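Residue-level structure breakdown
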Amino acid sequence: MLKATLRSFLAHKGRLLLSALAVLLSVAFVAGSLIFSDTVSRTFDRLFASTAADVTVEPKDDLKSSVPTGAVQTVPAALAQQVAHVDGVVETHADVSVENIVVVDSHNKSVGPTTGAPTIATDWYVTDRSPVKLTSGHAPRGAGEALLDADTADKKHVRIGDTLTVQAQPGTFPVKVVGIATFTTTNPGAALVFLDPAVAAEKLLGSADRATSISVDAAKGVTDAALKSRVGAAVGTGAYDLKTADEQAKSDAADLGGFLDVIKYVMLGFAGIAVLVGIFLIVNTFSMLIAQRTRELGLLRALGADRRQVRRSVLTEAVLLGVVGSTLGLAAGIGLAFGLIRLMSAFGMNLKATEMVIGWPTPVAAYVVGVGVTFVAAYLPARRAATVSPMAALADAEIAGVGRPLRMRAIVGSVVGLAGAAALAGCAAATKTASAASLLGLGVVLTLVATVIAGPLLVRPVIRVLGGAFPALFGSIGRMSQRNALRNPRRTGATAAALMVGLALVGGMSVASASMSKSFDQQIDKTLGADYVIQNSNFQPFTQEITDKVRGTDGVGLVVRQRFAPVAVRLPDGKRIKTTAAGYDARLDDVAHVTYAGGGTAAALADGALGMDVDFAKDHQVRLGSTIPVEFQGGRSAEMKVTALTDQGGGDGFGMQGGLFFGIATVEKYVPGGQDSSLYVNKTAGTTADQLRTRLEKTLDPYPQVQVRDQADYKKLVHDQIAVLLYLVYALLGLAIVIAVLGVVNTLALSVVERTREIGLLRAIGLARRQLRRMIRLESVVIAVFGAVLGLALGLVWGVCTQQVLALQGMSALAIPWSTIVAVVVGSAVVGIVAALLPALRASRMNVLAAIAHE
């Protein structure tokens, strides 16, 4: 049996190649994502471990926010001298390092990275832990000199002697580049500017008495943990966070983890799609191979092989296929990881491909995925093979099981489909976002499974409609192609299912993204009343200098500032919720249209007052007039009275959890040193909108990072951000289509082999080669369009239900992108034509007499 299995595998290696490609793609994405993330993690672990001080003293801050405020938490610089007297301390340093800056060159071009990495200004302090070394020029001396990292200098064409302008929170100042510092470790993609330690704190923090942290070096023989304990006893732990080098490295790595997780999960998403679609392909391939080998299997049974041996033989072939596909996929994954590393280098994160990390979990995961997928996919065909009777060796027909009733599929598919429909109906009726999202996920899974199970039941009615015009358009060729697609509903359904998965995904996400775009457009029209909004292109806050310049621009009539503040609120239901609150100037009603369920803008922005979203208030038992304890950064707190409840049509009023907002004086009082995040600007009487825009852009010319946006610009910005998600979905669709095309090619190729004698007879009675190719192409097109119709129908249902979940967050508009749907259907027909090229060519080149004699 083993010899027979190996010979069978080698005899059909050409037919199994396309299935191996599906396994290869699945494994490549799994292995590539693991190798890449392990490499980045290991690289940065070394970077953080080598640059962290033995003990670091930082401001205590448990209110870190994803929304930047511009405020920098500091410690007294004198703390370094206090810590220096602690037993076991050999050296201390008051560090100055900020990210709330912008650096521009003499042409008003930003010197910072455009990839989202920060621009960091810090004091030049050389130790064994320094990530850079001075490679040209000299160290900065005095207020007018600075160093720049070599990578940034090279990319932005900055040379020694050039003048840069640093826009910092205390004010803007020029510096002359007097030296270049080169990274000795991995460059994380940031731009680094180094200033003289004697002036760094004053220029970057506004006071020479402040520092962002204190670095402490331990004497020989003193452990980091022991030193941390002694320093904590000396300075107290109430106002400061103390971290050992290991703890600091882990904290830095955790901050990086979010970025790595995004890449990892995106790639694992590709792997999941490849696995799911690949399963359909492999099931179909093995089912057809077993059907074609019915006589062969019957002969084995007649010679004495029992059912278990036949089943084991088929599963052994599947395992061999999995091993080959996994091995090739692991190699492809290494290549994919190498490509990602090079891509990161192009974006400024200089990883070294020579330090690629391939840990033991990677090959284990690769083979578990590859072998597991093929084994699971081949199990049902293997069980079917074991049921072949020894009498099949005497039968003329090789195709077994084609006419078996689909009764069981109908029952199971109906039950699962009804459960999925109930979950989706529950999702549409839910009033809580969390429960609605859970029901949506369950409904999507169940309806997908139900459609896959019941797909063969839909083949005959749907394909009769889709191919109904074929006889009229193509005559007998069209009629035969339609009947070929109807001949084996199981096979047609499984082939179309691979394409259906990807198209259902893109259909659902297209509806969701179009609905989001339309909802945001409506929300912007409804709430934004300002002529222009001034913001940084990366949404980082900007300096007071920019606000002053905008206010002084001719034609500006009103400027309303917006600032953000991380807060924690203790609510009447006992919960402590961390969120971000917004602060506004008094004339907010002149630039925004806010709907209130109680109170008003003036009440919300008064001293000691707080506005809140009405739904959030109801969920946490807050009423108009309730007093809420509010915690701010730096240990500051206040008792604030809820004087207004907003009702913006669902969701959290201003885009943050709870929709909390108050007067900007409150932000200035409790978050000193903060910066404005947005300016809402109205024109004066007698000034046109175009005139104001021209003047504002001229005023902001020295600040290339700042953008002037009107309502149309704001809508485009939102559409572009949503499009990023949609492009990811299209990429997933592309992968699904590639594997689905392999599936259609595989099905048609095996179908041609299966119908060799039939094709020979058709050719013998006068069917031309061109007609034969057309027949196979039409069969492929109708199968592909059938998969598209099922996928898009499923995707539209998913998309509408997703919009119902989004409606609970205020995105109530439903939009269906009909142009995308039509394009997908047309594209599916093209996919069918492309997939049929090789099988049709092969069929047309058959020798007629040899085909007729084929058994």
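See the structure printed just above.
Structural notes, computed from the coordinates. Small disclaimer: the values here were computed from a predicted structure and weren't measured. (Residues numbered from 1 in each chain as written. Predicted model: local features only at pLDDT ≥ 70, side-chain atom pairs only at ≥ 80, totals over all residues. Heavy atoms only, no water.)

1. What about the pattern of salt bridges?
For the structure shown, the criterion picks out 21 salt bridges. Residue D554 pairs with R695 through a salt bridge whose shortest N-O separation is 3.6 Å. Here D554 is found in the loop between α16 (544-551) and β16 (556-570), whereas its partner R695 is found in helix α20 (residues 689-699), with 141 residues between them in sequence. One continuous salt-bridge network, built from bridges that share partners, spans R693, E697, D710 and D713. (Salt bridge = Lys/Arg side-chain N within 4 Å of Asp/Glu carboxyl O. Helix = DSSP H or I, 4+ residues; strand = E, 2+ residues; numbered from the N terminus.)

2. A look at the pairing of β16
Counting buried positions along β16 gives 13 out of 15 residues, so the element sits mostly inside the fold. Across nine bridges, β16 lies against strand β17 (residues 576-584) in antiparallel orientation. Note that in β17 the partner of V569 across the bridge is I577. With antiparallel pairing between neighbouring strands as the criterion, β16 and β17 make up a hairpin whose turn holds five residues, including G574 at a positive phi of roughly 95°. Bridging between β16 and strand β20 (residues 627-631) involves two bridges; their strand directions are antiparallel. From the neighbouring strand, A568 faces β20, where its bridge partner is E631. (Buried < 20%, exposed > 50% of the residue type's maximum accessible area, 1.4 Å probe, protein only. Pairing = 2+ DSSP bridges.)

3. Concerning empty space enclosed by the protein
Here the structure, examined in full by the defined rule, presents two cavities of 30 Å³ or more. What the largest cavity holds in volume is close to 70 Å³. For the largest cavity, the full set of lining residues is N484, R487, N488, R491, T492, T747, S751, R755, E779 and I783. Secondary structure elements with two or more residues in the lining of the largest cavity: α14 (476-487), α15 (489-527), α21 (711-754) and α23 (769-807). (1 Å grid on protein atoms, 1.4 Å probe; cavity = no way out; pocket = protein on both sides within 12 Å on 5 of 7 lines; lining within 4 Å. Points joined across faces, edges and corners; volume = space filled by probe spheres on them.)

4. Details of α16
Here α16 has its buried residues at I546, T547 and V550. Buried residues of α16, viewed axially, fall in a sector of 100°; they line one side. (Arc of directions from axis to C-beta.)

5. Structural notes on the packing of aromatic side chains
This model, assessed by the stated rule, comprises five aromatic pairs. The interplanar angle of 80° and the centroid separation of 5.1 Å between the aromatic rings of W124 and F194 together place this pair among those described as edge-to-face. Of the two residues, W124 is situated in the loop between β6 (119-123) and β7 (132-137) and F194 in strand β11 (residues 191-195); the sequence distance between them amounts to 70 residues. Classification of W124 as buried rests on a relative accessible area of 13%. Taking the relative accessible area as the measure of exposure, F194 reaches 6% and is therefore buried. (Phe/Tyr/Trp six-rings, centres within 6.5 Å; stacked < 30°, edge-to-face > 60°.)

6. Points about the packing of helix α11 (residues 407-429) against α23
At their nearest, the axes of α11 and α23 sit 8 Å apart, and the two run at 30° to each other. The orientation of α11 with respect to α23, classified from their angle, is roughly parallel. Relative to α23, the crossing made by α11 is left-handed. Every residue of α23 that contacts α11 at L424, C427 and A428 is listed here: V797, W798, C801, Q804 and V805. Class assignment of the residues belonging to the contact of α11 with α23 gives a composition of seven nonpolar, one polar and no charged. (Axes fitted to C-alpha atoms, helices over the stretch in contact; angles between N-to-C directions. Parallel < 35°, antiparallel > 145°, perpendicular 65-115°, else oblique. Left-handed = near helix turned anticlockwise from the far one by under 90°. Contact = heavy atoms within 4.5 Å. Nonpolar A, V, L, I, M, F, W, Y, C, P; charged D, E, K, R; others polar.)

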